[in-house]
Structure formats: C-alpha cells, structure tokens
Amino acid sequence: RFFLTLFNKIRTMNKSLKSDLNERGFCVFEKAFHPEELDSIRQTSRQALKLLPVSHREKNKSQGSLILIANYPEFSRLIAHQVLLNIFKKLGFSDTRFSSGYIISKPERGPALFWHQDWWGWGNSISYKDQIPQIFVMIYLQDTSTKNGCLRVIPGSHRTPHSLHDSNNAHSESISRVENPEDPLYQSVDGEHAVPVQYGDVLVGDARLIHGTFPNVADDERTLITLWFHPNYSNLPGPIQVRIHEIFMRKGVDTDPDGLDSMTLLNWPEEEKKIVEPMFPAHPPNVTAEVWDRNPHW
C-alpha cells in the first residue's frame, strides 16, 4: 500500500508539472540535481567567465553574458544527463534533440534582462499549436531570488497575445547594451510572475513564453546554464528541423553572430561527442530552412 500511494503521488506530481508547462508555459523540478553534481559545471562556467573580454560584457549588458557552450566539451555530460532525460520522460517527451546552450551570468549590480520570447519560427503554423517545438532548460548555479535577478515570466504568454509581443526592439543590440534603461522592456508589468529557484532545481519553459529577469542588486554574480532542446523532434515540420540543424551548426543565429566556422559539437573530442551524439538534430534533405522570424502573427 505504501509503494502504491507513493507511485500515485509521483504520477500526480508529474501530471501537475506537465500541466504547468502546457498551460502556464513553465514548470520547476525541485532538487533535481544534488549540488555536488553541478560542481564541475560551475567550475567550467567560472573559468569561461574569467576569459570574457570587457567588450562582451558591454555588448550583453542586459543578459550579463552569452557564452556558447559549444566551445566547452565539458558540457557533454550535462546535456545528456540522466536527470534531464528523466525530466523529459516525466513531461511525456520522446525523441528529444539538442540545438544549443549558453552560460548566462549576470554580474553583481547588473540590470534587468529585457522582456522577450525566444521562438524564431512564428511563420510556421506549428507555432500556434499544442506541440512545443522548443524548450529552454535552465539550471541555476546558486539559489535565486528577486534580489539577485531570478527569472520573471508572463504565464500563458506562449499561447496568448500580449502587448509585449508588439515590441520589435527585443534582442536588438541597443536593448542588450541597455542604452536606454527606461525602456519598458526592462520594467515590471502587470501579471508578471517571479520564479525563484534553489541550487539543483531545473526550470523548463516553452521557448514562446515571454520572460526576463529582475535586476541583480546583490553583491555576487548570478550564473545559469540555459540549454535548448526540441521534444518529439520527428513530429516537427521539415523546414523547422532544417533550421534547428542550422542553429546547431551555429549558422545565422542573431545571438551568435560569430558562430559560423566556430566550434560545434561535431568538433568535440570523440569521448564527449559520443555522449551527446544521440541528441544531434537530423534534418531532411532538399528542404529549405524555416525563415527566421521572432515576431508572432496571432
């Protein structure tokens, strides 16, 4: 009876998290990792941050940093970690593929991250359907709160028009540089929801969800790893698959202008590449890539 009760409790919890993702656009798996499992990733991230030129920080002042993990084969075990595979299973995902990931680290006294959504395929009809074409998996490397720049979201905005969708300024160079700190894209809005997490939690979100962060008014840097995955990959339209493969190859990505001819997972040492190879995105031949389009057409 004890094990049956436990099984039913876990099943109910998984169903609730899946509903949160579908209906609100995000969910949090609490204590998914033991902190020590992330120690090596935190060390790699800190080293990568030390190597950043001042120009990178200035260009990405709102984000804090945008370091492609394709440059760091040490991330292979995190991308294909059993913890994440179990999460995908609990959410009902299959054939999940990887496209890219970033070390995003907001320094102390850093500004808010601008409101935005990260989906780029709004010209395709799948963007307005139930299937989630892309998810972000956020793994913070410390506890977060509104004080040190935790995530904030507009629940339901992945499926419902919002006034923030009307801005064409998100992802622009001026917004990333915070040239106008009074821009509405940095400000709090009605209906925003703070999502503080603890070190070891895993936050999963629909790429279409409008999100940002609070400013980091604390005295320590706030670092996270964002990984981009594509669930139920074989069910995605061919042009979307081709574009995902191009993102994987660092081709034509607006947040990775120097990506072409840079390191990709295909160039990783054989040991690391073998770990993540089953998650590489395939693509159909003789199909044109989906047009890059960050603006919804409701």
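Preceding this paragraph is the structure being described.
Heads up: these notes are all about the structure in this document. (Residues numbered from 1 in each chain as written. Predicted model: local features only at pLDDT ≥ 70, side-chain atom pairs only at ≥ 80, totals over all residues. Heavy atoms only, no water.)

Some remarks on helix H7 (residues 238–248)
Right, on to step 1. Of all eleven residues in H7, eight are buried; the element is thus mostly enclosed.
Right, on to step 2. By the burial criterion, the buried members of H7 are Ile240, Gln241, Val242, Arg243, Ile244, Glu246, Ile247 and Phe248.
Right, on to step 3. The elements touched by buried residues of H7 are strand S3 (97–106) and strand S9 (222–230).
Right, on to step 4. At the exit of H7 stands Arg250, carrying a positive phi of roughly 65°. (Buried < 20%, exposed > 50% of the residue type's maximum accessible area, 1.4 Å probe, protein only. Helix = DSSP H or I, 4+ residues; strand = E, 2+ residues; numbered from the N terminus. Contact = heavy atoms within 4.5 Å.)

Things to note about the nonpolar core
A general feature of soluble globular proteins is that nonpolar side chains tend to end up buried together.
Right, on to step 1. Counting 43 residues, the largest nonpolar core has Ile79, Leu84, Val137, Val204, Leu227 and Phe229 as the members making the most contacts within it.
Right, on to step 2. If you tally residues by element for this core, the top one is helix H5 (residues 82–90), at four residues.
Right, on to step 3. Ile79 has contacts with Ile69, Leu84, Phe98, Leu227, Phe229, Leu265, Trp268, Val276 and Met279, leaving out every residue within four places of it along the chain. (Core = buried A, V, L, I, M, F, W, Y, C linked by side-chain atoms within 4.5 Å.)

Considerations on the sheet that holds strand S6 (residues 193–195)
Right, on to step 1. Overall, antiparallel pairing links the three strands, which are arranged S6-S5-S8 in an open sheet. Unpaired on one side and paired on the other, S6 and strand S8 (211–213) mark the two borders of the sheet. Averaged over neighbouring strand pairs, the angle between their axes works out to 35° when direction is ignored.
Right, on to step 2. As defined by bridge partners, strand S5 (residues 151–153) adjoins S8 across three bridges and the pair is classed as antiparallel. Bridge pairing links Arg152 to Gly212 in S8. (Pairing = 2+ DSSP bridges. Axes fitted to C-alpha atoms, helices over the stretch in contact; angles between N-to-C directions.)

A look at the state of the cysteines
As used in these notes, a disulfide is a covalent bond between sulfur atoms, one from each of two cysteines.
Right, on to step 1. In the structure shown here, the tally under the stated rule is zero disulfides.
Right, on to step 2. The cysteine Cys27 is free of any disulfide, with Cys150 supplying the nearest cysteine sulfur at 16 Å.
Right, on to step 3. Cys27 sits in the buried class, given a relative accessible area of 1%. (Disulfide = S-S within 2.5 Å.)

Quick look at the pattern of salt bridges
Right, on to step 1. One pass over the structure, following the stated rule, counts 14 salt bridges.
Right, on to step 2. Across the pair Arg57 and Glu221 runs a salt bridge, and its minimum N-O distance is 2.7 Å. Residue Arg57 is found in helix H3 (residues 54–59), and its partner Glu221 is found in the loop between S8 and S9; the two are separated by 164 residues along the sequence.
Right, on to step 3. Among the salt bridges present, the one from Arg159 reaches Asp130, with a minimum N-O distance of 2.9 Å. One end of the pair, Arg159, is in the loop between S5 and helix H6 (173–177); the other, Asp130, is in the loop between S3 and strand S4 (135–140), with 29 residues separating them in the sequence. (Salt bridge = Lys/Arg side-chain N within 4 Å of Asp/Glu carboxyl O.)

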